[in-house]
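Listed below, chain by chain, are the residues.
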Amino acid sequence: MKGRVTLITGASRGIGRAIVLRAAAAGSDVALVGRDAEKMGEVAEQARATGVRSSVFIADMADGEAVEAAVERVRTEMGDVHHVVANAGITADQLTMRLKPEEWDRVIAVNLTGTFRLVRAALPTMVRARYGRIVAISSIAGLMGNPGQAAYASSKAGLIGFVKSIAKELGSRNVTANVVAPGLIETDMALALPEKRREEMTTHVPLGRMGRPEEVAGAVCFLLGEEASYITGAVLNVSGGLYM
């Protein structure tokens, strides 16, 4: 990964932050994209301490034009984007019959459409260079569904179909596209669940614990690295066995 430019969305906390720091430790310059400038700035400073370039770019993933503009700013300020990690995601947990259409639309806009706009903006230089790595952060909810998460699970399942499609489109250009599907990970989203619910879910994890963001980051950076150069269209399940 050394000498490459890796763009990570949702980079201010949790899994996104862990990916930024893991990529920086591997020698990649990192472009942080998200909405929280202050928190991303703190993460970017930590990344710079490893000796790589690290910059912050503000964009709401629900705003397609802003996402595309952010990719162009990264290209102008840091050079061609070699790796894209589509990590940004939101949820609107609610039983389907109570889920408001605008809540559904927002989740799909951020998690799925935003990823489409991001990847589409980054692809031209990858195709010309005949090199690129794309990793989308899905969820085991996209593989198995989850009560009260119809919008979230649909968006994450959509990511899998999207990535598999572009993997087939871009393989001849040496651009790989893969998915990492985390399970119950120690992030703000999971920690917002009632403690009793988290404990109940953990009992179904064969490894007996929640995962750490760094463990997801390790899987992502493996897929970005040369060791994974013959892997594309894969869904790497990082759930401690919660989904098999």
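K.L.:
It is not clear to me how the overall build of the chain should be interpreted in this structure. Could you clarify?
P.N.:
A tally of regular secondary structure across the chain gives nine helices and seven strands. Computed over its C-alpha atoms, the radius of gyration of the chain comes to 17 Å, within 12% of the 18 Å expected for a compact globule of 244 residues. In terms of overall dimensions, the chain has a C-alpha envelope of 45 × 35 × 35 Å along the principal axes. When each of the 244 residues of the chain is scored for burial, the buried share is 49%. Taking contacts inside the chain between residues at least 6 apart in sequence as the whole, the part at least 24 apart equals 72%. When the accessible surface of the chain is split by element, carbon and sulfur atoms take 53% of a total near 11,200 Å².

K.L.:
Please clarify how the side chain of Arg133 should be interpreted in this entry.
P.N.:
Within the element layout of this structure, Arg133 appears in strand E5 (residues 132-137). The buried charged residue Arg133 lacks any salt bridge partner; its closest oppositely charged side chain belongs to Glu226, at an N-O distance of 4.1 Å. For Arg133, the side chain forms a polar contact with the main-chain oxygen of Asn174, separated by 3.4 Å. Not counting chain neighbours up to four residues away, the residues in contact with Arg133 comprise His82, His83, Val84, Met126, Asn174, Thr176, Leu223, Leu224, Gly225, Glu226 and Ser229.

K.L.:
Even after reading the chapter, I still don't get the environment of Asp60, so can you show me in this structure?
P.N.:
Relative to the assigned elements, Asp60 resides in the loop between strand E3 (54-58) and helix H3 (64-78). A relative accessible area of 24% places Asp60 in the partly exposed class. In the structure, Asp60 is positioned 70 residues away from Arg130 in sequence and 29 Å away in space, judged by C-alpha atoms. Asp60 has contacts with Arg35, Ala66, Val67 and Arg106, leaving out every residue within four places of it along the chain. Reaching out from Asp60, the side chain makes a polar contact with the side chain of Arg106 at a distance of 3.5 Å.

K.L.:
I keep staring at unusual backbone geometry and nothing clicks. Help me out?
P.N.:
Among all residues save glycine, negative phi is the norm, and among peptide bonds the norm is trans. The backbone of Arg130 sits at a positive phi, close to 55°, despite the residue not being glycine. As for its position among the elements, Arg130 is in the loop between helix H4 (101-129) and E5. One non-glycine residue, Asn174, lies in the positive phi region at around 60°. Relative accessible area serves as the criterion here: at 35%, Asn174 is assigned to the partly exposed category.

K.L.:
Where do I start with helix H8 (residues 195-202) in this structure?
P.N.:
An α-helix turns once per 3.6 residues; consequently, residues spaced three or four apart project the same way. Taken as a whole, H8 has its buried residues at Arg198, Met201 and Thr202. Buried positions in H8, seen along its axis, are confined to an arc of 100° and lie on one side of it. Those residues of H8 hidden inside the fold are in contact with helix H7 (188-191).

K.L.:
It is not clear to me how the nonpolar core should be interpreted in this structure. Could you clarify?
P.N.:
If you look at soluble globular proteins, the nonpolar side chains tend to sit buried side by side. In terms of nonpolar packing, the biggest core is built from 35 residues, with Leu7, Val74, Leu118 and Ile134 touching the most fellow members. Taken together, the elements giving at least two residues each to this core come down to strand E1 (5-9), strand E2 (29-34), H3, strand E4 (83-86), H4, E5, helix H6 (150-170) and strand E6 (175-182). Dropping the residues within four chain positions of it, Leu118 is found in contact with Leu7, Thr9, Met61, Val67, Val71, Val84 and Ala86. Listed in part, the 29 residues of the second largest apolar core include Ala11, Ile15, Val30 and Leu223.

K.L.:
For this particular structure, what's the right way to read the packing of H3 against H4?
P.N.:
Running from N to C, H3 and H4 point in directions that differ by 30°, and their axes come no closer than 9 Å. On the basis of their axis angle, the class for H3 and H4 is roughly parallel. Handedness of the H3/H4 crossing: right-handed. Taking contact as the criterion, the partners of Gly64, Glu65, Val67, Glu68, Val71 and Arg75 in H3 are, on H4, Gly114, Arg117, Leu118, Arg120, Ala121, Ala122 and Thr125.

Here is what the cut-offs are and how they apply
- Residues numbered from 1 in each chain as written.
- Predicted model: local features only at pLDDT ≥ 70, side-chain atom pairs only at ≥ 80, totals over all residues.
- Heavy atoms only, no water.
- Helix = DSSP H or I, 4+ residues; strand = E, 2+ residues; numbered from the N terminus.
- Rg over C-alpha atoms; globule rule 2.2 N^0.38 Å.
- Buried < 20%, exposed > 50% of the residue type's maximum accessible area, 1.4 Å probe, protein only.
- Contact = heavy atoms within 4.5 Å.
- Areas by Shrake-Rupley, 256 points an atom, 1.4 Å probe, with all protein chains shown as cover.
- Lys, Arg positive; Asp, Glu negative; His and termini not counted.
- Salt bridge = Lys/Arg side-chain N within 4 Å of Asp/Glu carboxyl O.
- Polar contact = N/O pair within 3.5 Å; in protein donor to acceptor, adjacent residues only side chain to side chain.
- Arc of directions from axis to C-beta.
- Core = buried A, V, L, I, M, F, W, Y, C linked by side-chain atoms within 4.5 Å.
- Axes fitted to C-alpha atoms, helices over the stretch in contact; angles between N-to-C directions.
- Parallel < 35°, antiparallel > 145°, perpendicular 65-115°, else oblique.
- Left-handed = near helix turned anticlockwise from the far one by under 90°.

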